[in-house]
Amino acid sequence: MRWERQRITPPDGRSGTADSDFTGGGTPELDLGISPEPARGGVRGVGAGLRLPESVPIEAGTQDAYAIEVRAKSILNRVPGDSHVPFQWTLNPYRGCGHACRYCFARNTHTYLDLDAGHDFDSKIVVKVNAGRLLRGELASPKWRGDPVAMGTNTDPYQRAEGRYGLMREIITALTERANPFSILTKGTLILRDLDLIESAAEVTDVSIAVSIGSLDERLWRKVEPGTPAPARRLEVVRRFAEAGVGCSVLMAPILPGLSDSAEHIEHTVAALAEAGARSITPLPLHLRPGAREWYRAWLQREYPSLVPLYARLYREGSYVPESYQREVIDLVERAKRAHGVHRPSFGAERGRARGEGAGGTEAEPQQLSLL
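Conventions used here
- Residues numbered from 1 in each chain as written.
- Predicted model: local features only at pLDDT ≥ 70, side-chain atom pairs only at ≥ 80, totals over all residues.
- Heavy atoms only, no water.
- Buried < 20%, exposed > 50% of the residue type's maximum accessible area, 1.4 Å probe, protein only.
- Helix = DSSP H or I, 4+ residues; strand = E, 2+ residues; numbered from the N terminus.
- Pairing = 2+ DSSP bridges.
- Right-handed = clockwise from strand over helix to strand, strands pointing away.
- Axes fitted to C-alpha atoms, helices over the stretch in contact; angles between N-to-C directions.
- Parallel < 35°, antiparallel > 145°, perpendicular 65-115°, else oblique.
- Left-handed = near helix turned anticlockwise from the far one by under 90°.
- Contact = heavy atoms within 4.5 Å.
- Expected span 1.5 Å × (residues − 1).
- Arc of directions from axis to C-beta.
- Nonpolar A, V, L, I, M, F, W, Y, C, P; charged D, E, K, R; others polar.
- Core = buried A, V, L, I, M, F, W, Y, C linked by side-chain atoms within 4.5 Å.
- Disulfide = S-S within 2.5 Å.

1. Comments concerning the pairing of strand E11 (residues 249–255)
The buried count for E11 comes to 7 of 7 residues, which makes it a mostly enclosed element. By the bridge criterion, 3 bridges tie strand E10 (residues 207–212) to E11 in an arrangement that is parallel. Across the sheet, the residue bridging to Val211 is Val250, located in E11. Where E11 lies against strand E12 (residues 281–285), 4 bridges are found, and the strand directions are parallel. Directly across from Leu251, in E12, lies its bridge partner Thr282. Running through helix H8 (residues 263–276), the crossover from E11 to the neighbouring parallel element E12 is right-handed.

As structure tokens, then:
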């Protein structure tokens with residue numbers, strides 16, 4: 001989704017035009033589709049740590065936290081054929097993410113909106129307020145073939161803003177009414193609010209739920225994923241879905257070099273995931289794309305400067321760690337899984353085989369900058 005050269009009225013009342021792109025000495029203003037909300041005690045707040053901006057330009061690089069409400073033109077996104085992921089369609093009701101994970105690979109997408117990949121991505125959250133209505137229309141189209149829809153593949157559908165907007169209930173209901181298969185990947189405990197809907201959906205179609213838990217180290221969690229629920233609370237999500245009979249897989253991601261990749265650390269995490277009832281555990285070492293790469297590097301230099309040489313060596317060839325390192329980490333996880341009785345295939349593998357699909361794989365490596 002891009003802003004498509006639309007404009008709003010600048011603060012001085014002049015209308016933006018195509019010619020104003022090159023005159024007036026300022027950046028052209030973009031139509032953010034903002035829906036006004038009545039003031040509450042003088043503050044146009046919406047909750048979840050966000051507020052609606054005034055009807056003035058959204059500036060990049062500020063400390064302001066905004067919910068930017070838009071009315072999207074479409075909601076189902078077809079995945080390019082060369083992406084090498086085990087799904088063809090995705091749905092993202094939000095853009096940007098209040099989880100503020102230092103490493104998030106989706107950060108660079110905010111630059112398409114003339115916002116930055118750092119704090120703007122964490123605090124200026126685009127909300128597709130018409131997501132549910134759009135989905136109902138697209139699912140009803142005679143062109144729609146009922147393919148599985150993956151959610152949580154870019155930004156988290158259960159980030160904090162979902163607590164205010166509640167878009168996922170209508171989305172899940174629409175998919176259930178059409179018996180359309182879907183999957184959800186999240187770090188958010190808000191998904192438990194919709195457990196009843198997900199249970200109903202699982203009675204009529206294929207539903208896959210996965211929670212991302214890379215580590216149980218609370219000190220590390222507070223530094224690297226400051227806007228997410230604590231790992232122990234995410235374990236409770238796994239446990240609740242297991243008890244409900246829906247089942248929940250875990251994406252053990254990201255495993256951070258020098259921080260959460262030791263044998264002891266991995267053993268402790270896998271043991272807790274197994275005890276919570278994880279259906280499967282899929283490890284994923286950290287990868288760093290443009291946007292995320294620079295933001296993570298700055299954080300690493302502040303918090304763990306002694307690890308900078310390690311990262312420079314591991315990521316000197318691009319976004320991904322060398323295959324030898326990946327094998328070492330994956331072997332440690334597999335060993336721990338066997339020790340704790342987690343034998344099922346990784347998330348998505350079972351269902352993919354049933355449909356004649358591949359089990360998925362690593363995304364094609366994009367051209368990348370050096371870390372340092």
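2. A look at the packing of helix H4 (residues 167–177) against helix H5 (residues 195–202)
Across the interface, H4 lies against H5 with an axial gap of 10 Å and an inter-helix angle of 15°. As the angle between them shows, H4 and H5 are arranged roughly parallel. Of the two elements, H4 crosses H5, and the hand of that crossing is left-handed. Counting all contacts with H4, which are made through Arg169, Ile172, Thr173 and Thr176, the residues of H5 involved are Asp196, Leu197, Ile198, Ser200 and Ala201.

3. Quick look at the environment of Asp120
With respect to the helices, strands and loops of the structure, Asp120 is situated in helix H1 (residues 119–123). Each C-alpha atom of the pair Asp120 and Ala100 lies 9.9 Å from the other, and the pair is 20 residues apart in sequence.

4. Describing the sheet that holds strand E8 (residues 149–151)
Spatially, E4-E5-E8-E9-E10-E11-E12 is the arrangement adopted by the 7 strands of the open sheet, whose pairing is mixed. Only two strands of the sheet have a single neighbouring strand rather than two, namely strand E4 (76–78) and E12. Strand-to-strand twist of the sheet, defined as the mean angle between neighbouring strand axes without regard to direction, takes the value 25°. Here strand E5 (residues 89–91) runs beside E8; their pairing, made up of 3 bridges, is parallel. Within the sheet, the bridge partner assigned to Trp89 lies in E8 and is Val149. Against the sheet, H5 touches strand E9 (182–186) and E10, its axis set at about 140° to E10. Helix H7 (residues 231–244) rests against E10 and E11 of the sheet, and its axis sits at about 155° to E10.

5. Here's the deal with helix H11 (residues 323–339)
Residues spaced three or four apart along an α-helix point in a common direction, a consequence of the helix completing one turn every 3.6 residues. Look at H11: 24 Å from first C-alpha to last across 17 residues, which is about the 24 Å you get at 1.5 Å a residue. Burial in H11 covers these residues: Tyr325, Val329, Val333, Ala336 and Lys337. Along H11, the residues classed as buried sweep out an arc of 110° about the axis, all on the same side. Residues of H11 that are exposed and angled more than 90 degrees away from the buried face: Glu323, Glu328, Arg338 and Ala339. Next to the buried residues of H11 lie E11, H8, E12 and helix H10 (308–314). Following H11 by one or two positions, Gly341 has its phi on the positive side, about 75°.

6. Topic: the packing of helix H2 (residues 131–140) against H4
Their axes nearest at 8 Å, the elements H2 and H4 cross at an angle of 15°. The angle between H2 and H4 places the two elements in the roughly parallel class. Considering only the axes of H2 and H4, their crossing is right-handed. Only Glu170, Ile171, Thr173, Ala174, Leu175 and Glu177 of H4 make contact with H2, whose side of the interface consists of Ala131, Gly132, Arg133, Leu135, Arg136 and Leu139. Here the residues of the contact of H2 with H4 are counted per class, giving 6 nonpolar, 2 polar and 4 charged.

7. A closer look at the nonpolar core
Core analysis: the biggest nonpolar cluster contains 83 residues, and Ile184, Phe241 and Tyr296 have the highest contact counts within it. For this core, the leading source of residues is H4, giving 6 residues. Those residues in contact with Phe241 that lie beyond four places of it in its chain are Ile191, Leu192, Leu195, Ile198, Ile209, Val246, Gly247 and Cys248. Ranked by size, the runner-up nonpolar core spans 7 residues in total, among them Val70, Leu113, Leu115 and Val126.

8. As for the state of the cysteines
Disulfide: a covalent bond connecting the sulfur atoms of a pair of cysteines. Tallied over the full model, the rule gives 0 disulfides. Cysteine Cys101 remains unbridged, with the sulfur of Cys97 as its closest cysteine sulfur at 6.4 Å. Residue Cys101 is classed as buried on the basis of its relative accessible area, which comes to 7%.

9. Regarding the pairing of E9
Along E9, 4 of the 5 residues are buried, which leaves the element largely enclosed by surrounding structure. Bridge count between E8 and E9: 3 bridges; the pairing is parallel. Note that in E9 the partner of Val149 across the bridge is Phe182. As judged from the 5 bridges shared by E9 and E10, these two strands associate in the parallel manner. Looking at the pairing, Phe182 lines up with Val207 of E10.

10. Description of unusual backbone geometry
Cis geometry is adopted by the peptide bond preceding Pro254, which originates at Ala253 and carries an omega value of -10°. Tracing the backbone through its elements, the reader meets Pro254 in strand E11. With a phi angle near 50°, Ala179 is a residue other than glycine that sits in the positive phi range. Structurally, Ala179 is set in the loop between H4 and E9. Owing to a relative accessible area of 36%, Ala179 belongs among the partly exposed residues under this scheme.

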